[in-house]
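# Examining the three-dimensional arrangement
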Amino acid sequence: MIKNIVFDMGNVLLDFNPEVCLHAFAETEEDRAVIRKELFGGPEWIEGDRGTLKNAEKFAPVSRRVPERLHAALQKCVDEWDMCMKPVPGAREFCAYAKENGYGIYVLSNADDRFPHYFPRFQPYDYFDGILVSSDVRLIKPDVRIYQHFLEKFGLRAEKCLFLDDRAENVEGAKKAGMQGMQFLGNFEEIKNSLKRNA
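Residue numbering note: each chain is counted from 1, following its sequence as written. Under the rules for a predicted model, residues below a pLDDT of 70 receive no local features and side-chain atom pairs below 80 are neither given nor counted, while totals for whole chains, interfaces and linings still include all residues. Heavy atoms from the whole structure form the basis of all side-chain values; hydrogens and water molecules are not counted.

### What to know about the packing of helix 6 (residues 91-100) against helix 11 (residues 188-197)
Every axis in this analysis is a line fitted to C-alpha atoms, fitted for helices over the stretch in contact. Angles between the N-to-C directions lie between 0 and 180 degrees. Each helix is a run of DSSP H or I of at least 4 residues and each strand a run of E of at least 2, with the numbering of both proceeding from the N terminus. Running from N to C, helix 6 and helix 11 cross one another at 10°; their axes reach a closest spacing of 10 Å. In terms of orientation, helix 6 lies roughly parallel with respect to helix 11. Considering how the two elements wind past one another, helix 6 and helix 11 form a crossing that is right-handed. Counting all contacts with helix 6, which are made through Ala91, Phe94 and Tyr97, the residues of helix 11 involved are Phe188, Ile191, Lys192, Leu195 and Lys196. A breakdown of the residues in the contact of helix 6 with helix 11 according to their chemical character gives six nonpolar, no polar and two charged. Small angles under 35 degrees read as roughly parallel and large ones over 145 as roughly antiparallel, with 65 to 115 read as roughly perpendicular and the rest as oblique. The handedness criterion is simple: a crossing whose near helix is rotated anticlockwise from the far helix by less than a right angle is left-handed, and one whose near helix is rotated clockwise is right-handed. Residue contacts are counted whenever heavy atoms from the two residues lie within 4.5 Å of one another. For this classification, the nonpolar set comprises Ala, Val, Leu, Ile, Met, Phe, Trp, Tyr, Cys and Pro, the charged set comprises Asp, Glu, Lys and Arg, and every other residue, Gly included, is treated as polar.

In structure tokens, the structure reads:
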């Protein structure tokens, strides 16, 4: 029986959409494509999630792959990319439903050191029973070790946890650690109905 619901953060609780800052700071689609590839698709983004590079440190290495005329836009995207991080529709209501029905609620997220800056836009830290961020432990999903670390840190039994993530590979990582998992596709009502059926 499920006792705990473990949420990914990006695109489950908060809407991670780099297009918001790209359209705010880069003038053409050609320019946006360069920054999209080199910043959001570059190795530095993963290093940030892994905790080996601070968000503020991303500009220097990425700028070496970006034309100088785009450096100002790139800097703005590095500094303000989290302007997009607003609550996913239905997420707060689903969390409230879970709490009201006695489930423990947790967050397990790949995220860099800016997480404390934007996450409170969703809810205060203490709203949740526990939060684990990849950059704090130098492990990233879907490495099975981060799920195991999460379970050990909060003293949870894997089979009693339902993990929700928008990325299928991260759900599979959770399952390898013994957790139950569902890919989140905007389907809070479907997840709620599944919980009711298995209560």
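### Thoughts on the side chain of serine 134
Residue position: serine 134 is located in helix 8 (residues 134-137). Once you skip the residues sitting within four places of it in the chain, serine 134 turns out to touch Asp49, Arg50, Ser109, Asn110, Ala111, Leu139, Ile140 and Ile146.

### Re the sheet that holds strand 3 (residues 130-133)
Pairing in this open sheet of five strands is parallel, and the strands run 3-2-1-4-5 from one edge to the other. The open sheet is flanked by strand 3 and strand 5 (180-183), the only strands paired with a single partner. Adjacent strand axes in the sheet meet at a mean angle of 20°, parallel and antiparallel pairs treated alike. Contacting strand 1 (4-7), strand 2 (104-109), strand 3 and strand 4 (161-165), helix 9 (residues 144-154) runs over the sheet at an angle of about 150° to strand 3. Strand pairing follows a simple DSSP-based rule, namely that at least 2 bridges must link the two strands.

### Considering the pattern of salt bridges
The term salt bridge refers to a side-chain nitrogen of Lys or Arg lying within 4 Å of a carboxyl oxygen of Asp or Glu. Tallied over the full model, the rule gives 17 salt bridges. A salt bridge links glutamate 44 to arginine 65; the shortest N-O distance between them is 2.8 Å. Placement of the pair is glutamate 44 in helix 3 (residues 43-50) and arginine 65 in the loop between helix 4 (59-63) and helix 5 (71-80), with a sequence separation of 21 residues. Between buried and exposed lies partly exposed: a residue is buried under 20% and exposed over 50% of the maximum accessible area for its type, with that area taken using a 1.4 Å probe on protein chains only. For arginine 65, a relative accessible area of 33% corresponds to the partly exposed category. Several salt bridges share partner residues, and in doing so they unite Glu19, Glu29, Arg32 and Arg36 into one network.

### Describing the packing of aromatic side chains
Side-chain rings of Phe, Tyr and Trp (the six-membered ring for Trp) are treated as a pair once their centres are within 6.5 Å; stacked means planes under 30 degrees apart, edge-to-face means over 60, and tilted covers the remaining angles. On inspection of all chains with the given rule, the structure shows 21 aromatic pairs. A centroid spacing of 5.2 Å and a plane angle of 75° characterise the contact between tryptophan 45 and tryptophan 81, whose relative ring orientation is edge-to-face. Separated by 36 residues along the polypeptide, tryptophan 45 in helix 3 and tryptophan 81 in the loop between helix 5 and helix 6 bring together distant segments of the chain. Tryptophan 45 gets classed as buried once you look at its relative accessible area, which sits at 10%. Under the relative-accessibility criterion, tryptophan 81 is labelled buried at 3%.

### Considerations on the nonpolar core
Counting 50 residues, the largest nonpolar core has Phe7, Met9, Leu13, Leu39, Phe94, Phe119 and Phe128 as the members making the most contacts within it. No other element matches helix 6, which puts five residues into this core. Not counting the four nearest positions on each side in its chain, phenylalanine 119 is found in contact with Met9, Leu13, Leu14, Val107, Tyr125, Phe128 and Ile131. In plain words, nonpolar cores are sets of buried Ala, Val, Leu, Ile, Met, Phe, Trp, Tyr and Cys residues tied together by side-chain atoms within 4.5 Å. The next biggest cluster of nonpolar side chains, apart from the first, holds 16 residues, and it includes Tyr106, Leu132, Phe150 and Leu151.

### Topic: the layout of surface pockets
A probe as big as a water molecule, rolled over the atoms, marks out the empty space that is left. Approximately 570 Å³ is the volume found for the largest pocket. Around the largest pocket, the lining is made up of 29 residues, and of these Phe16, Trp45, Asp49, Asn110 and Arg167 lie nearest the centre. Secondary-structure elements contributing two or more residues to the lining of the largest pocket are helix 2 (29-40), helix 3 and helix 10 (168-176). With three residues, the single largest contributor to the lining of the largest pocket is helix 3. Taken together, the residues that form the lining of the largest pocket break down as 12 nonpolar, seven polar and 10 charged. Grid points spaced at 1 Å and placed over the protein atoms alone form the basis of the search, with a cavity being a set where a 1.4 Å probe fits but cannot get out and a pocket an open set showing protein on both sides within 12 Å along at least five of seven lines. Lining residues have an atom within 4 Å of a point. Grid points are joined across faces, edges and corners, and a volume is the space filled by probe spheres set on the points.

Keep in mind these numbers describe shape, not what the thing actually does.
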